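Chain by chain, the residues run as shown.
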Amino acid sequence: MSEAISPKIDCVFKDIFGVKENSDILEDFLNSIVDFQSGELKQIYFQNPEISKENADDKGSILDIRVRTAENTEIDIEIQLAYQKDMQERSLYYWAKLFSGQIKSGNKYQELQRTICINILDFNLLTTRNYHTSFGLRERKENFFLTDKLQIDFLELKKAERAVDQGQTGKLLDWLQFIDSQSDNREVLSMLEKKSEPMQKAVGVLLHLSEDEQERDRALRREMFLHDQAELRGEGLDEDKKRRP
């Protein structure tokens, strides 16, 4: 039996969470992060196509997951392995592009929909010890929202790992533990798949991908490409060791 490939390699992550037939997996994951209206995730419309199987080493490949809900909430999910010092600004810029891109000539501003960017990071970014942080637009003194249409979330895998080691539990931690699972992770995966039907399905999809020689090769090439790109930018994939809050 082959070792399981890593779900946090972006092309693998997208194969698990970013395809229509696995929308129940994505729904369960998103419900662990965001408070949605009842039934809002029963219909999830995928906005960007799957990547070509040959594009693992194509720097132009779009490997995020972008969806729209039944209530027209726009959601983008991105996973980053290499430390990026401008991650906050990068995420805000991308949110602004998604938000402003909704409006067409002649449309009214109130037609702009809630837009959420979710960033899964394999490095420590923020000074907080919390593994999940969620940002919006609030008044500084009285703490009320200007609008609920901006939301940017950061999920930091290193802090989630620490939370698990400290005995913390929860659905989001289960999903982050799954995403962060390593090649020698069969015991962890066996434990996780007992948590829920969506998790059981996610583990099954991962193991199926792991048994496919072409998928394993694509994941390896993609991981090597990400390492090479990080080195070219002067950003090691282990940069998180320098940033422990």
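Read on for a plain summary of the structure. (Residues numbered from 1 in each chain as written. Predicted model: local features only at pLDDT ≥ 70, side-chain atom pairs only at ≥ 80, totals over all residues. Heavy atoms only, no water.)

On to the packing of helix α5 (residues 171-179) against helix α7 (residues 197-211). The N-to-C vectors of α5 and α7 enclose an angle of 5°; their axes lie 12 Å apart at closest approach. The pairing of α5 with α7 is recorded here as roughly parallel in orientation. Residues Asp 174, Trp 175 and Phe 178 of α5 pack against Pro 198, Met 199, Ala 202, Val 203 and Leu 206 of α7. Taken together, the residues that form the contact of α5 with α7 break down as seven nonpolar, no polar and one charged. (Axes fitted to C-alpha atoms, helices over the stretch in contact; angles between N-to-C directions. Helix = DSSP H or I, 4+ residues; strand = E, 2+ residues; numbered from the N terminus. Parallel < 35°, antiparallel > 145°, perpendicular 65-115°, else oblique. Contact = heavy atoms within 4.5 Å. Nonpolar A, V, L, I, M, F, W, Y, C, P; charged D, E, K, R; others polar.)

All right, on to α7 then. For α7, which comprises 15 residues, the first-to-last C-alpha distance of 21 Å matches the rise-based estimate of 21 Å (1.5 Å per residue) to within 8%. Of all the residues in α7, the buried ones are Pro 198, Met 199, Ala 202, Val 203, Val 205, Leu 206, Leu 209 and Ser 210. End-on view of α7: buried residues confined to an arc of 160°, all on one side of the axis. More than 90 degrees from the buried face of α7, the exposed residues found are Glu 197 and His 208. Where the residues of α7 are buried, they touch α1 (10-17), α2 (23-31), α5, α6 (186-192) and α8 (213-232). Structurally, the start of α7 carries an N-cap: the backbone nitrogen of Met 199 is 3.2 Å from a side-chain oxygen of Ser 196. (Expected span 1.5 Å × (residues − 1). Buried < 20%, exposed > 50% of the residue type's maximum accessible area, 1.4 Å probe, protein only. Arc of directions from axis to C-beta. Polar contact = N/O pair within 3.5 Å; in protein donor to acceptor, adjacent residues only side chain to side chain.)

So, on to helix α3 (residues 87-100). Helix length check: α3 (14 residues) gives 20 Å between terminal C-alpha atoms against 20 Å at 1.5 Å per residue, within 8%. Considered for burial, the residues of α3 that qualify are Met 87, Ser 91, Trp 95, Leu 98 and Phe 99. An end-on view of α3 places all buried positions within 105° of arc, on one side of the element. Residues Glu 89 and Tyr 93 are exposed on α3 and point more than 90 degrees away from its buried face. Looking at the buried positions of α3, the neighbouring elements they touch are β2 (65-69), β3 (74-80), β4 (115-121) and β6 (145-156).

Here the focus is the pattern of salt bridges. Under the defined criterion, the tally for this structure stands at 14 salt bridges. Of the charged contacts in the structure, one is a salt bridge between Arg 90 and Glu 78, with a shortest N-O distance of 2.7 Å. In this pair, Arg 90 is assigned in helix α3 and Glu 78 in strand β3, connecting sequence segments twelve residues apart. The class for Arg 90 is partly exposed, based on a relative accessible area of 33%. In this structure, the salt-bridge partner of Glu 156 is Lys 159, at a minimum N-O distance of 3.0 Å. A network of salt bridges, in which partner residues are shared, links Lys 8, Asp 122, Lys 158 and Asp 180. (Salt bridge = Lys/Arg side-chain N within 4 Å of Asp/Glu carboxyl O.)

Time to look at the pairing of β2. Here β2 shows a buried face lined by Ile 65, Val 67 and Thr 69 and an unburied face lined by Arg 66 and Arg 68. As judged from the three bridges shared by strand β1 (residues 44-46) and β2, these two strands associate in the antiparallel manner. Opposite Phe 46, over in β2, you have Val 67 as the bridge partner. Bridge analysis of β2 against β3 gives four bridges, and the strand direction is antiparallel. When the sheet's bridge partners are listed, Arg 66 is paired in β3 with Asp 76. (Pairing = 2+ DSSP bridges.)

A few words on the sheet that holds β2. Reading across from one edge, β1-β2-β3-β4-β6-β5 is the order of the six strands in this open sheet, with mixed pairing throughout. Looking along the sheet, the strands with just one partner apiece sit at the ends: β1 and β5 (132-138). Each strand of the sheet is rotated relative to its neighbour by a mean of 20°, with strand direction disregarded. Note: β5 against β6, six bridges, orientation antiparallel. By the bridge assignment, Phe 135 is partnered in β6 with Ile 152. Along the sheet, α3 contacts β2, β3, β4 and β6; its crossing angle with β6, the most-contacted strand, is approximately 130°.

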